[in-house]
Amino acid sequence: MNSNEINIAVVGATGAAGGTALELLLERNHPAEKIVPMASSRSAGRKIAYGDVELTIVEAKAEAFDGIDVALFAAGGLVSRRLAHKAVEKGVFVIDKGSIFRMDPTIPLVVPEVNGDDIDWHPGIVSTPNCTSTPLVMVLDALRSISPIKAVTVATYQSVTGTGIAANEELLEQSRTVLAGGMAKSEVYPHEIAFNVLPHVDDFLEDGYTKEEKKMLNESRKILHDDALLLSATCVRVPVEISHSESVQIEFESEVTADDAKRALADYDGVIVVDDPSKNEYPMPLSAAGRDEVLVGRIRKDIAHEYGIALWLACDNLRKGAALNALQIMDEALCRDAFKPSAQRSTK
Ligand SMILES: NC(=O)c1ccc[n+]([C@@H]2O[C@H](COP(=O)([O-])OP(=O)(O)OC[C@H]3O[C@@H](n4cnc5c(N)ncnc54)[C@H](OP(=O)(O)O)[C@@H]3O)[C@@H](O)[C@H]2O)c1
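Residues numbered from 1 in each chain as written. Predicted model: local features only at pLDDT ≥ 70, side-chain atom pairs only at ≥ 80, totals over all residues.

## Re the sheet that holds strand 9 (residues 149–158)
Strand pairing in a sheet relies on backbone hydrogen bonds. The paired strands run either parallel or antiparallel. Ordered by their spatial adjacency, six strands build an open sheet running 10-9-11-14-13-12, and the pairing between neighbours is mixed. One side of each edge strand has no neighbouring strand; the edge strands of this open sheet are strand 10 (230–237) and strand 12 (271–273). The average angle at which neighbouring strand axes cross in this sheet is 20°, direction not considered. In this sheet, strand 11 (residues 244–252) lies alongside strand 9 in antiparallel orientation, the contact comprising eight bridges. From the neighbouring strand, alanine 155 faces strand 11, where its bridge partner is serine 247. Those strands touched by helix 6 (residues 211–224) are strand 9 and strand 10, and its axis lies near 140° from that of strand 10. (Pairing = 2+ DSSP bridges. Helix = DSSP H or I, 4+ residues; strand = E, 2+ residues; numbered from the N terminus. Axes fitted to C-alpha atoms, helices over the stretch in contact; angles between N-to-C directions. Contact = placed C-beta atoms within 7 Å.)

In structure tokens:
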């Protein structure tokens, strides 16, 4: 199959991640035969701009997947749980951006630069990681080529679009209200996000970590194929519209110099080193927003560990953190002629 023969559905096309998928398809001038935006019954029938044309939003339900070759699911876990397998039964290759399939051992969790080969064994669904795990595993994969990694400590600074469009509207509305001297109302988050920082992303677990923090550990292990990886995360929501940043400390088994680390990162696909403190150049959410690459800087020896490196990264959570990674999986599967589940391919 060629890319100009495929019919692509974007489920959640009116949302932050799905909307970015449409934007990327357009930006790349994707030659798809047909692009079908899907959303809830609330949006069905509405028009959505796609360059010079308007596409009609279709309600996401099983029948809507007839004739679709690949579906990017970005409408939350409930929709994926209800429809992903039904779509697969109709011969659709599903790429899911939510969290429900990520730790299912029968479903690959893929960042193409790191573990693209895992696409080969998919059962009809490939999952994409959490938007904080994706840039982190790319950095860890680049650096483990120098020395094995013993432990990672990471603190995230996550933008509000990571929660979706409603959270971004809440940040803007609260900011306007506070600046006008009013009292801000919080609906999406438990506290005000404007002019504040919340050390709270996703639900708390019994051990004191949050689900988001455990996602970073478990997803990194699965993608890197390293069940022994030690990783402790503190996930923090900040009043930034787009791009997640991370402060990362990595402990290696042997000496890694800052120069070695810079070289390995600069050579890695999808990573750009932005690291010139003398010119105040380092990654920032504003510079990462709208870009496809993971920006890495502040690369230095971590003086708290014998063999440690500390660094800072920023990555557009809607692009590489979500939609771009999904489109790269689609392209990679197409190249590998791997849209069909592996069981159906091997019995050919
Ligand atoms: N935002 C990110 O940075 C990011 C990163 C990685 C993964 N993800 C994942 O992407 C998914 C979407 O997140 P988001 O941030 O884009 O959320 P969002 O901005 O709130 O968008 C949600 C989308 O889901 C659709 N939807 C809701 N209920 C539906 C239903 N019953 N049937 C069909 N469509 C329905 C909405 O359509 P209506 O407009 O019709 O309600 C909307 O298009 C989540 O699973 C999230 O974990 C997001």
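Now that the structure has been shown, the text picks up again.
## Quick word on the site of the ligand
In the neighbourhood of the ligand, 30 residues make up the surrounding shell, with Gly15, Ser40, Ser43, Gly98 and Gly164 lying closest. Counting residues per element, the ones that place at least two in the shell around the ligand are helix 1 (16–27), helix 2 (77–89), helix 5 (165–179) and helix 9 (319–335). Of the residues forming the shell around the ligand, the biggest block, three residues, is contributed by helix 1. (Near = placed C-beta within 6 Å.)

## What about the nonpolar core?
Counting 92 residues, the largest nonpolar core has Val11, Ala71 and Val139 as the members making the most contacts within it. When residues of this core are assigned to domains, at least three fall in each of domain 1 (3–128 + 322–346) and domain 2 (133–159 + 197–317). For alanine 71, the residues in contact, after removing those within four places along its chain, are Ala9, Val11, Phe65, Ala87, Val92 and Val94. Within the second largest apolar cluster, five residues are counted, among which are Val160, Ala167, Leu171 and Ile193. (Core = buried A, V, L, I, M, F, W, Y, C linked by C-beta atoms within 7 Å. Buried ≥ 20, exposed ≤ 12 C-beta atoms within 10 Å, placed from the backbone. Domains from an automatic or database assignment.)

## As for the packing of helix 4 (residues 133–144) against helix 7 (residues 258–266)
Remark: helix 4 packs on helix 7, axes separated minimally by 8 Å, with the N-to-C direction vectors making an angle of 120°. One finds that helix 4 runs oblique with respect to helix 7. Where helix 4 crosses over helix 7, the handedness of that crossing is right-handed. Residues Val139, Ala142 and Leu143 of helix 4 form the contact with helix 7, whose own contacting residues are Ala261, Ala264 and Leu265. (Parallel < 35°, antiparallel > 145°, perpendicular 65-115°, else oblique. Left-handed = near helix turned anticlockwise from the far one by under 90°.)

## Topic: the domain arrangement of the protein
With domains assigned, the protein is organised as domain 1 (3–128 + 322–346) and domain 2 (133–159 + 197–317). Computed from C-alpha coordinates alone, the two centres of domain 1 and domain 2 are separated by 27 Å. Tallying the contact residues gives eleven residues for domain 1 and 15 residues for domain 2. Counting only elements with at least two residues in the side of domain 1 that touches domain 2, the list comes to helix 3 (112–115) and helix 9. The class makeup of the residues in the side of domain 1 that touches domain 2 is six nonpolar, three polar and two charged. (Nonpolar A, V, L, I, M, F, W, Y, C, P; charged D, E, K, R; others polar.)

## Considering the pairing of strand 13 (residues 294–301)
One ladder, built from three bridges, connects strand 12 with strand 13; its direction is parallel. Across the sheet, the residue bridging to isoleucine 272 is leucine 295, located in strand 13. Where strand 13 meets strand 14 (residues 308–315), five bridges bridge the pair, whose relative direction is antiparallel. Bridge pairing in strand 14 links valine 296 to leucine 313. Counted along the chain from strand 13 to the antiparallel partner strand 14, the turn is six residues long.

## Here's the deal with the sheet that holds strand 8 (residues 125–127)
The six strands are arranged 5-2-1-6-7-8 in an open sheet whose pairing can be described as parallel. At either end of the open sheet lies a strand with only one pairing partner, and these are strand 5 (58–59) and strand 8. Looking at chain direction, strand 7 (residues 93–96) and strand 8 are connected through three bridges and run parallel. Residue pairing in the sheet places isoleucine 95 in a bridge with valine 126 of strand 8. On top of the sheet, helix 1 reaches strand 1 (7–11), strand 2 (34–39) and strand 6 (70–73); it is set at about 150° to strand 1, its chief contact.

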